[in-house]
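Per-entry structural report
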Amino acid sequence: MALRKILVWPDKRLEEKARPVVRVDDRIRKLLDDMAETMYAGEGVGLAATQIGEPARVAVIDVSGADEKVPLIRAINPEIVESEGRVTHEEGCLSLPEVREEIARFEKIKVRYKDPEGNTVETAAHGLLARVFQHEIDHLDGKLLFDRLSALKRGLIKRKLKKAKLNTREDREDHELRAAE
Ligand SMILES: [Zn+2]
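Residues numbered from 1 in each chain as written. Predicted model: local features only at pLDDT ≥ 70, side-chain atom pairs only at ≥ 80, totals over all residues. Heavy atoms only, no water.

1. What about the overall build of the chain?
- Scanning the chain for helices and strands turns up three helices and seven strands.
- Moving toward the C terminus, one meets the helices and strands of the chain in the order α-β-β-β-β-β-β-β-α-α.
- For the chain, whose C-alpha radius of gyration is 17 Å, the value lies close to the compact-globule estimate of 16 Å for 181 residues.
- When burial is assessed residue by residue, the chain has 38% of its 181 residues classed as buried.
- A separation of at least 24 residues holds for 64% of the contacts in the chain among residues at least 6 apart in sequence.
- Of the roughly 10600 Å² of accessible surface on the chain, 50% is carried by carbon and sulfur atoms. (Helix = DSSP H or I, 4+ residues; strand = E, 2+ residues; numbered from the N terminus. Rg over C-alpha atoms; globule rule 2.2 N^0.38 Å. Buried < 20%, exposed > 50% of the residue type's maximum accessible area, 1.4 Å probe, protein only. Contact = heavy atoms within 4.5 Å. Areas by Shrake-Rupley, 256 points an atom, 1.4 Å probe, with all protein chains shown as cover.)

2. With respect to the nonpolar core
- Formed by 15 residues in total, the largest nonpolar core has its most connected members in Leu31, Met35, Leu47, Val58 and Val60.
- No other element matches the six residues that helix H1 (residues 26–41) contributes to this core.
- Among all residues touching methionine 35, those that are not within four sequence positions of it are Leu47, Ala48, Ala49, Ile52, Val58, Ala59 and Val60.
- The next biggest cluster of nonpolar side chains, apart from the first, holds 14 residues, and it includes Ile61, Ala75, Ile109 and Ile137. (Core = buried A, V, L, I, M, F, W, Y, C linked by side-chain atoms within 4.5 Å.)

3. Considerations on the sheet that holds strand E7 (residues 120–126)
- Strands sit in the order E1-E2-E3-E6-E7 across an open sheet of five strands; the sheet is antiparallel. Edge positions in the open sheet fall to strand E1 (46–48) and E7, since each of these has one partner strand only. Direction aside, neighbouring strands of the sheet carry axes that sit 40° apart on average.
- Together, E1, strand E2 (58–61) and strand E3 (73–84) form the strand contacts of H1, whose direction differs from that of E2 by roughly 40°.
- In the packing of helix H2 (residues 127–140) onto the sheet, the strands contacted are E1, E2, E3, strand E6 (108–114) and E7, and the crossing angle to E3 comes to about 110°. (Pairing = 2+ DSSP bridges. Axes fitted to C-alpha atoms, helices over the stretch in contact; angles between N-to-C directions.)

4. What to know about the pattern of salt bridges
- Summed over the entire model, instances satisfying the criterion amount to 19 salt bridges.
- For aspartate 25, the salt bridge identified is with arginine 23, shortest N-O distance 3.5 Å.
- Judged by its relative accessible area of 61%, arginine 23 is exposed.
- Lysine 110 serves as the salt-bridge partner of glutamate 82, at 3.6 Å between the closest nitrogen and oxygen. Residue glutamate 82 is found in strand E3, and its partner lysine 110 is found in strand E6; the two are separated by 28 residues along the sequence. (Salt bridge = Lys/Arg side-chain N within 4 Å of Asp/Glu carboxyl O.)

5. Focus on the domain arrangement of the chain
- What the domain assignment lists for the chain is domain 1 (12–149) and domain 2 (150–181).
- Computed over C-alpha atoms only, the centres of domain 1 and domain 2 are separated by 28 Å.
- Domain 1 puts seven residues into the contact, and the matching count from domain 2 is seven residues.
- Counting every contact that joins domain 1 to domain 2 gives one salt bridge.
- Two residues, glutamate 101 and lysine 153, come together in a salt bridge whose shortest N-O distance is 2.8 Å.
- Across the contact surface, domain 1 and domain 2 share three residue pairs in polar contact (both at pLDDT 80 or more).
- Each residue belonging to the side of domain 1 that touches domain 2 can be placed in one class, and the counts come to five nonpolar, no polar and two charged. (Domains from an automatic or database assignment. Polar contact = N/O pair within 3.5 Å; in protein donor to acceptor, adjacent residues only side chain to side chain. Nonpolar A, V, L, I, M, F, W, Y, C, P; charged D, E, K, R; others polar.)

Here it is in structure tokens:
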């Protein structure tokens, strides 16, 4: 297993639509293992391949911290086949550090995906699991959580993120300058 670098917005690769996996092979299984390790290292509950610059429709999810009955899910070509209700809850994203926003999602969903053995799995999800599935499938479609907000709100968040990025760069240059003195 290998730790991979998580892309942070405004990296353009986060806006790419991932391609469906045609064959479930060792390459995909290795990718899923790397993603699980990277998700745990980042203390996230989900990670989509687009977040590490791999445009394949695969995601890993682990909500066992909230519901220990649900083990690590390695989902290949996940899709929502049924949905019901609407619920708003706070969400964060490993690709959007510091951002926490109230996002409306389906309350209950039925998802279909292939597991690492190539078997088709269909499962009903609600609560955190349903939310994370929807968040990761959005990533695979090149969408980030702020794409679920109004244009006004989205603009504010993007400006804040760009400013934060600028500040870190200035801090670093400042520090390097002082170190050189
Ligand atoms: Zn995310």
